[in-house]
Amino acid sequence: MARFLSPEAFGASSEAMSLLPLNLERIGTNEYLVSNMVGDFIRLTGDEINKLVDLRMIPGDGLYEKAYAAHLITGVNQKAQRQVLAARLRSRMSFLGQVTPLHIFVVTLRCEHSCPYCQVSRQSTDRSRFDMSEETAHRALDIAFESHASRIKIEFQGGEPLLNFGLIKTIVSAARRRSEIVGKGVDFVIASNLALLDDAVLEFCKSNEILLSTSLDGPAELHNKNRPRPGGNSYELAVAGIRRAKEVLGPDRVGALMTTTEASLDRVDDIIEEYLNLGLDGIFLRPLSPFGFAIKTKQYQRYDAGNWLRFYEKGLRRVLEINRKGTPFREFYASLILTRMLTDKPIGYVDLRSPAGIGIGALVYNYDGSVFASDEGRMLAETGDNSFRLGHVTDDNYKSLVLSDKLVEAISSSLTQCAPECSTCVFESHCGADPVYHHATQGDALGIKPLSAFCSRQKRIMRLLLDILDNSPADAAILRRWAGS
Amino acid sequence: MTLQLFGTATHCVGLNSGRDRSVIRLRTLENCPGETASDFAVVRTPTEFDRAKSANWKSFFFIGDETGECLLEPEIGRRIISVSSQFDYLADGDIVGIRHGSRRFRTLFRRNSRHNSFLVTERCNNYCLMCSQPPKDIDDNWILDEIRESLPLVDPSTRSLTFTGGEPLTDWRDFVTVLARCRDQLPQTAVQVLTNGRAFSDSEIVDAWRGVNHPDLIAAIPVYSSVDHIHDHVVQAKGAFDETILGILKLKDRGQRAEIRVVLHALTAPTISETCRWIARNLPFVDHVALMGLENTGFAIANDALLWIDPMDYRDGLAEGVDGLIAAGVNVSVYNLPRCVLEPSVWPRAVQSISDWKNGYVEECGRCIEKDRCSGLFTSGRPRLSRGVRAVAP
């Protein structure tokens, strides 16, 4: 009978080991969170960290196995550990292969609502001044179809885009014609408060497979307080619109977004209940952004990152409870982050990517023909800051816009991969650059991250999710189902 | 029951004396005689012998004792092989390889089986602690010739064929030509190759594999751990883990199909949940993962003390592992384990995987309502029964 060798014969000495890139953060007196190059997490003690970094491990001691399986070490002559990391990193970053998949058309800045938190600084009058012209729309389409993505999404924004429904119809039919000619797929979304939704609009959406995205801030009195309009019936119209759209277009063809105001902070359960009652499959718990009227009317300053995170955590736990009781329902921001943490699917979500999604993720064509690197970029311009205005549809083409010095500078100066604080952050793989936010709050695309509410929100949410994943098996199983689907 | 797949013929006369072996195909009398030179008429009784003769058959394959007297009728140009009634299962379309001198033969293909596999070589660069087909360092390149002779005789409507070893890629240039013949001669037949995958770390080999352009080919590759030295210990080859993982990456990089197989024993089963999570995280693009109960045969018997673990002792970890793979969208199956030792959550993934010729049940199974859907047990080697084997009650 053959002779078999013992386990020791297959071990490696520390000279034969090599450390792979890792980030770490102390999270307790003797506990560290450690992440590898693609953001897989393990927890180690201080003693283990020291041994790992000094390569004082031997196969069989438990630490070697933990570190090897987590791609923190490799044999110096091995290739597979590095190649697995390379393949995964390639997959995670492959959203970069689809350049500018999103094109936002601000078909009008007029709106019949007068929300104090309006981030786009809507206008109430003067059709001629604040509606996009047909000529501008066609030039914008030229640019959109020049982008390199194999499939593009055209999103109609406002103001209230349905106030210029005629132009939407023109753009949709022109875009469909071009799509057929050049073989580039095109999807459509209308972001609307649904107050003006009627059968004609629904019929048009149905025959052109257009998605609707709307705002719903919670129960009637909260929603109507946040979103005033003549008649004080914003909530009633939004809810009726959602119901009607689900009926006509299909249950998954209308989505709602909420915005958190000071008045929302202690009402997260009611807000979620509202979404559940409407038969929506989840909720996106969103903080206010520091743009437009939200700044002017001082809405933005009314709560800080800490208030919002308490609101978010309470909401997330409520959503988990709903799932535990048998109703599948998601918190969409957690879903996005979990997809990044638990899979290598390429998530091009604008706030969660580096290189940032400005310009190369989305372009915004404003009603007056100016082109912006992001929706937030045009919001800044409405209050006088043209930092993210890349050009104008009459003077520019796709190439001159995305290769503009302004855009290249903003993207390259904000890369988390090499930014102070970010490059060594244990959460870097799952985070994003968000240069417009940092420009708006700190006057600098990169920003000082310890002063950034974006940074503290990201870190706290990821820590919360990791805590649930590691310590609450029933909730962890629910969160895992949200990842990647 | 266990089918006897090889033996010694009682007679072997009239076969080509210029060669030392032949590959023959069995045909019933309903077929025309000698469609190919390899066809033999199956004869079980003297009456059948008479019918075969009058139908002008010249080549006869006698099965059982009743045909003894027929052998007394030698005739020039007649070819006769005779085997005992143990081989009564042989039927129309089956293929047998026989050595003329020693009269030793082996059943190479059974048309009615879903589990046909060709052993390609007994040589291997791994030496797995639980190998069911212990490798031998011998010159057995003739086996590839035998396979090349067999392929044209295989029923073209065969759904799947497996190539196993040893390591089928040991003589990879020759083996790739066999795959090319499968592609041309059996275009409807899915081909599975059980390989340790190490050869694919060589770009030349993986490119040759891809170059075959087979329409339905998969490499089934064992990975025993997420940690190098544990895998290397199981396969008794230092550096194997690195080559195997690299091989899987290169296959997938070239758009080739790959399955990961994990054999469950005391060195792999206690960490199966972690291994599955690691696969889900690092190799979610593989086409299939098979988590496989151990067949207690070959080296597994010699290493019983090192390898035996009752499946009940890894039941929870296995369920967790399966769950994790499913959540990651990985197609996973559980092989070779009866339902009674598996968590019911795993049942939809539990496959009747044990080859028909070595598959059986125990008395307890007679009372089980899941029996028709269950893998049952191995009858080969020295079967060990889990303490969890128990009839599932309605």
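What you see is a predicted model, and the numbers here were worked out from it, not measured in a lab. (Residues numbered from 1 in each chain as written. Chains lettered and ligands numbered in written order. Predicted model: local features only at pLDDT ≥ 70, side-chain atom pairs only at ≥ 80, totals over all residues.)

*Asks:* What should I look at first to understand the overall build of chain A in this one?
*Replies:* Along its length, chain A carries 19 helices and 15 strands. Here the C-alpha atoms of chain A give a radius of gyration of 25 Å, agreeing with the 23 Å that 2.2 N^0.38 yields for 485 residues. For the C-alpha atoms alone, the extent of chain A along its principal axes is close to 85 × 50 × 50 Å. Considering chain A as a whole, with its 485 residues, one finds that 46% of them fall into the buried category. Summarising the internal contacts of chain A: among those between residues at least 6 apart in sequence, 69% fall at separations of at least 24. (Helix = DSSP H or I, 4+ residues; strand = E, 2+ residues; numbered from the N terminus. Rg over C-alpha atoms; globule rule 2.2 N^0.38 Å. Buried ≥ 20, exposed ≤ 12 C-beta atoms within 10 Å, placed from the backbone. Contact = placed C-beta atoms within 7 Å.)

*Asks:* In this structure, what is going on with unusual backbone geometry? I would like to understand it.
*Replies:* Excluding glycine, residues mostly have negative phi values, and the peptide bonds linking residues are mostly trans. In this model, Gly158 of chain A is joined to Gly159 of chain A through a cis peptide bond whose omega is 15 degrees. Of note, Gly159 of chain A is situated in the loop between strand S7 (151-157) and helix H6 (165-182). For the peptide bond that leads from Gly165 of chain B to Gly166 of chain B, omega is 15 degrees, which places it in the cis range.

*Asks:* So what exactly am I meant to see when it comes to the interface of chain A and chain B here?
*Replies:* By a widespread convention, an interface's size corresponds to the accessible area lost as its parts come together. Residue-level contacts link 23 residues of chain A with 21 residues of chain B. Where the side of chain A that touches chain B is concerned, the elements lending two or more residues are helix H2 (63-69), helix H3 (80-92) and helix H19 (473-482) of chain A. Split into classes, the residues belonging to the side of chain A that touches chain B amount to 13 nonpolar, four polar and six charged. (Nonpolar A, V, L, I, M, F, W, Y, C, P; charged D, E, K, R; others polar.)

*Asks:* What am I meant to see in the sheet that holds strand S10 (residues 254-257) of chain A here?
*Replies:* Residues and elements named next belong to chain A. Strands sit in the order S10-S9-S8-S7-S6-S13-S14-S15 across an open sheet of eight strands; the sheet is mixed. Each edge of the open sheet carries a strand with a single partner, namely S10 and strand S15 (389-392). Going across the sheet, the axis of each strand differs from the next one's by a mean of 25 degrees, ignoring polarity. Here strand S9 (residues 210-215) pairs with S10 via four bridges, running parallel. Pairing of Thr214 across the sheet is with Ala256, part of S10. Sheet strands touched by H6: strand S6 (102-106), S7 and strand S8 (185-191). Its angle to S8, the strand with the most contacts, is close to 165 degrees. (Pairing = 2+ DSSP bridges. Axes fitted to C-alpha atoms, helices over the stretch in contact; angles between N-to-C directions.)

*Asks:* Even after reading the chapter, I still don't get the sheet that holds strand S6 (residues 79-83) of chain B, so can you show me in this structure?
*Replies:* Across a sheet, strands are paired by hydrogen bonds formed along the backbone, either parallel or antiparallel in direction. Residues and elements named next belong to chain B. Strand order in the open sheet made by the eight strands is S1-S8-S7-S3-S4-S5-S6-S2, with mixed pairing throughout. Single-partner strands in this sheet number two, and they are strand S1 (6-8) and strand S2 (11-13). Sheet twist, expressed as the mean angle between neighbouring strand axes with direction ignored, is 30 degrees. One ladder, built from three bridges, connects S1 with strand S8 (residues 104-109); its direction is antiparallel. Bridging from a neighbouring strand, Thr8 pairs with Arg104 of S8.

*Asks:* Teacher, can you tell me more about the domain arrangement of chain B here?
*Replies:* Residue and element names in this part refer to chain B. Along its sequence, chain B is carved into domain 1 (6-109) and domain 2 (117-378). Computed from C-alpha atoms alone, the centre-to-centre distance between domain 1 and domain 2 is 35 Å. Counting from both sides, the interface comprises nine residues of domain 1 and, opposite them, seven residues of domain 2. Within the residue set of the side of domain 1 that touches domain 2, elements represented by two or more residues are strand S3 (21-27), strand S7 (95-99) and S8. Residues belonging to the side of domain 1 that touches domain 2 are distributed by class as follows: four nonpolar, four polar and one charged. (Domains from an automatic or database assignment.)

*Asks:* I would appreciate a short explanation of the nonpolar core in the present structure.
*Replies:* A general trend in soluble globular proteins is that nonpolar side chains are found buried together. Counting 223 residues, the largest nonpolar core has Phe105 of chain A together with Phe60 of chain B as its most contacted members. Take this core: its biggest share by element is seven residues, from helix H6 (residues 240-253) of chain B. If we skip the residues at most four places from it in the chain, Phe60 of chain B touches Phe40, Ala41, Val43, Phe49, Ala52 and Ile80 of chain B. (Core = buried A, V, L, I, M, F, W, Y, C linked by C-beta atoms within 7 Å.)

*Asks:* Is there a simple way to think about the domain arrangement of chain A in this case?
*Replies:* Annotation of chain A at the domain level lists domain 1 (12-87) and domain 2 (99-342 + 356-398). A separation of 43 Å is found between the C-alpha centroids of domain 1 of chain A and domain 2 of chain A.

*Asks:* Can you walk me through the environment of Ala476 of chain A in this structure?
*Replies:* Residue and element names in this part refer to chain A. Locating Ala476 in the fold gives a position in helix H19. Given 17 C-beta atoms within 10 Å, Ala476 falls into the partly exposed group. Sequence separation of Ala476 and Arg129 is 347 residues, and the distance between their C-alpha atoms is 52 Å. Look past the residues within four positions of Ala476 in its chain and what remains in contact with it is Ile468 and Leu469.

*Asks:* How should I be thinking about the pairing of S9 of chain A in this particular structure?
*Replies:* The side chains of a regular strand alternate, residue by residue, between the two faces of the sheet. Residues and elements named next belong to chain A. Side chains of S9 alternate between two faces, with Ile210, Leu212 and Thr214 buried and Leu211, Ser213 and Ser215 left unburied. Inspection of the sheet shows S8 paired to S9 by four bridges, in the parallel sense. For Ala191, the partnering residue across the bridge sits in S9 and is Ser213. This β-α-β element, S8 to helix H7 (residues 199-207) to S9, shows right-handed connectivity. (Right-handed = clockwise from strand over helix to strand, strands pointing away.)

*Asks:* Is there a simple way to explain the confidence of the model for chain B in this structure?
*Replies:* Residues of chain B with pLDDT of at least 70 account for 99%, and the chain-wide mean is 94. For this predicted complex, the interface confidence reaches an ipTM of 0.91, while the overall pTM sits at 0.91. (pLDDT = per-residue confidence, 0-100.)

*Asks:* What is the right way to read the packing of H3 of chain A against H6 of chain B from this model?
*Replies:* A pair of packed helices is characterised by two quantities: the angle between their axes and the separation of those axes. The contact between H3 of chain A and H6 of chain B brings their axes to 9 Å, and the two run at 25 degrees. It follows from the interaxial angle that H3 of chain A and H6 of chain B lie roughly parallel. Judged by the sense of rotation from one axis to the other, the crossing of H3 of chain A with H6 of chain B is left-handed. Here H3 of chain A contributes Ala80, Gln83, Val84 and Ala87 of chain A to the contact with H6 of chain B, which in turn contributes Asp242, Ile245, Leu246 and Leu249 of chain B. Here the residues of the contact of H3 of chain A with H6 of chain B sort into six nonpolar, one polar and one charged. (Parallel < 35°, antiparallel > 145°, perpendicular 65-115°, else oblique. Left-handed = near helix turned anticlockwise from the far one by under 90°.)

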